[in-house]
Amino acid sequence: MTRRRAFAIVAGSAVLAFAGGSVRLAAQQVPPPPQSEISVSRSGVDLAALDRNANPCDDFYKFACGGWMTKHPAPPDQPRYGRFEELQNRNNEILRDILENAAKPGGAGTSAEMQKVGDYYASCMAEEEIEKKGTAPLAADLARVDAIKTKNDIPAVVGQMHTVGMTGFFGFGSAPDFKDATQYMLIYGQGGLGMPDRDYYFKEDANSAKLREAYVAHVARMLELGGTTATAAAAGAKTIMQIETALAKAALDRVAQRNPNNVYHKMSRDEVKKLMPNFNMSQYLERAEAPPGDSANVTEPDFMKAVDAVVAANSLADLKTYLRWHVVHSNAHMLPKRFVDENFNFYNKTLTGAQEQRPRWKRCVDAADADLGEALGKIYVERTFGTEGKTRTIEMVEGIEAALARDIDEISWMSPETKKAAVTKLRAVANKIGYPDRWRDYSSLRIARGDAYGNSQRSNLFGYRRQMAKIGKPVDKTEWLMTPPTVNAYYNPLENNINFPAGILQPPFFNRAADDAVNYGAAAAVVGHELSHGFDDQGRQFDAQGNLREWWTAADGKAFVERAACFDKQYSSYTAVGDVKLNGKLTMGENVADNGGLRLAWMALMERLKTKPLGQADGFSPQQRFFIGWAQMWCENKSPEIARLHAQTNPHSPGEYRTNGVVVNMPEFAQAFSCSAAAKMVAKEPVCRVW
Ligand SMILES: [Zn+2]
């Protein structure tokens, strides 16, 4: 199931997550998770994951993960299977238990909120009922498109679609003003494409051409399922391909989007209207429930011009076909099996190499987490999150922040002036750990038992109205952009805070039974990674208050760019799959954060060992355990299809290079494992380093 969410936060990747895609993790307590599956020893090293036949100095990833990779082939419904997914599967069982209880009559107890969660899940699981309703739930949405009489009617229909989470033409929402991060403003972003990236529409290799063919066939089948005749659907799919290709050509690529200055264009309402003379913006804004107020960030003005040109150049009938497709596409996950299967066929099977659809309950757990995540998350936290996790995490965070302060003080390439501003930014970073202080109030959201389609749309509308209600209000830095059971973490440059959901503070990321060595290589390095995002190629452009502002001297900025370019060269030389290399520019921020994060964690551990020395354990020194802790977060197996998809769209490097690409830059690694100068994990050229 591909979930379609209302355009919410910011264009580009201004929110810097730790892993690609949200994955969730299980808890340690109730109900007892199958701990045997995570075979960590007392030291925290997963001994069964090791491949003792591999030489750590030649291929550290294979040494740390080879055993795990042999024992955990990717299951048919999960084309990428790593430690994140492994733990998510356990976590899913806990969430399933919470949801099934809440879905039973009387199972939600006295809480009206849990009743909603239970009703939502029960409705999503009621496949027979969904089957019986057929395309009836879709009828009103398609009728709205059918009723369009002139091009002037289009904007209001698009506005309505956006409010309930449907895609089409562009994205719309709210976000902090990049240059006054205390205030929210409206934001327009590029959108309306059914393929994962603009480049899919015109790359000339054989694989891309084949994917385009498969996409057109998929669009045709979806139109047909939505009630279009076979002949009209086949012709319509070609039209849609042509419209989306025109939009894709005007879209900013992922690398360009990484520069926040490229996606910040503050415009008045009149300026936006002038940008799109053929698209009645007043009607759009009214139907999209945009609050009054003048300025907006039009992230990609050229893209909006292209939308306008598409509206001008295409016939009314063709534009209606394009909207029909987005109506069916956006709602497929809550429609009968034939829609869900066809969606799976293209988005999972063709694009990611999945062999089987994930079981319904897993998809409904995901949907409940996406739509009612803080209601579900509250119960998850009650069941699983101990106070010790929070205390030790805060301790690690403080150690990492102290390490970065020392690092800034010691580096030779930065002037005292920039150093001072960097320390000011570092001191201002806020740490959010576990779960929100104030839970979201879902009381105005109506969930009706037996109405999966309507529940999904009303949940999207609820989320959308939350976004609109922020306009003109001060930025709420206590808000979380991930739900508590998420196995991930993020740095938000517009708020200058780092966020660690309860879900990631579990083995193998954080192991409360283990000593510091593995925990610093894993959890503390995650902390260091997120903190480094505040000082990567993107994050460094925002100041202590979250404003997009140059606070570096020109010479220091230049020195940073030169140092970061080393990572571009290093990672661009790595092969993702077949003839596809990694994109060193797309992955730069994550690579800077991985390298900086592990170094900061190393510095923090060395500082701690001075007062809390550790000895050998499980045959490894504390230094060795530290590096194994890092590597064992990245063990994974995946299909060639998903490796290709990620190389083009994911700002994170694959697990193998998140491991080997980082340790090769640390002479401390070679020392810990007594590697000879000729070994593969020992750099032959000067190593890359920013932090
Ligand atoms: Zn990251």
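For the structure, see preceding data.
Residues numbered from 1 in each chain as written. Predicted model: local features only at pLDDT ≥ 70, side-chain atom pairs only at ≥ 80, totals over all residues. Heavy atoms only, no water.

Caption draft 1: Region of the structure containing the state of the cysteines. In the structure shown here, the tally under the stated rule is 4 disulfides. Two residues share a disulfide in this structure: cysteine 57 and cysteine 675, whose sulfurs sit 2.0 Å from each other. Here the S-S torsion is close to -80 degrees, and the disulfide linking cysteine 57 with cysteine 675 is therefore left-handed. Taken as a pair, cysteine 57 in the loop between strand E2 (23-24) and helix H1 (60-71) and cysteine 675 in the segment after helix H25 (667-672) lie far apart in primary sequence, 618 residues in all. Assessed through its relative accessible area of 7%, cysteine 57 is described here as buried. (Disulfide = S-S within 2.5 Å. Helix = DSSP H or I, 4+ residues; strand = E, 2+ residues; numbered from the N terminus. Buried < 20%, exposed > 50% of the residue type's maximum accessible area, 1.4 Å probe, protein only.)

Caption draft 2: A look at the environment of valine 328. The topology assignment puts valine 328 in helix H13 (residues 316-331). Given a relative accessible area of 2%, valine 328 falls into the buried group. For the pair valine 328 and leucine 138, spaced 190 residues apart in the sequence, the C-alpha separation amounts to 7.5 Å.

Caption draft 3: How the structure looks around the sheet that holds strand E6 (residues 266-267). Taken in spatial order, the 4 strands make up an open sheet running E4-E5-E7-E6, and their pairing is mixed. Of all the strands in the sheet, the pair left with one neighbour each is strand E4 (170-177) and E6. Bridge analysis of E4 against strand E5 (residues 180-190) gives 8 bridges, and the strand direction is antiparallel. Of the residues in E5, the one forming a bridge with alanine 175 is methionine 185. (Pairing = 2+ DSSP bridges.)

Caption draft 4: Representation of the pattern of salt bridges in the model. On inspection of all chains with the given rule, the structure shows 42 salt bridges. The partner of lysine 558 in a salt bridge is glutamate 562, with the nearest N and O atoms 3.4 Å apart. Of the two residues, lysine 558 and glutamate 562 both sit in helix H20 (residues 554-572), 4 residues apart, roughly one turn of that helix. The burial state of lysine 558 is the same as that of glutamate 562; both residues are exposed. Through salt bridges with shared partners, one network takes in Glu374, Arg440, Arg466, Lys470 and Glu479. (Salt bridge = Lys/Arg side-chain N within 4 Å of Asp/Glu carboxyl O.)

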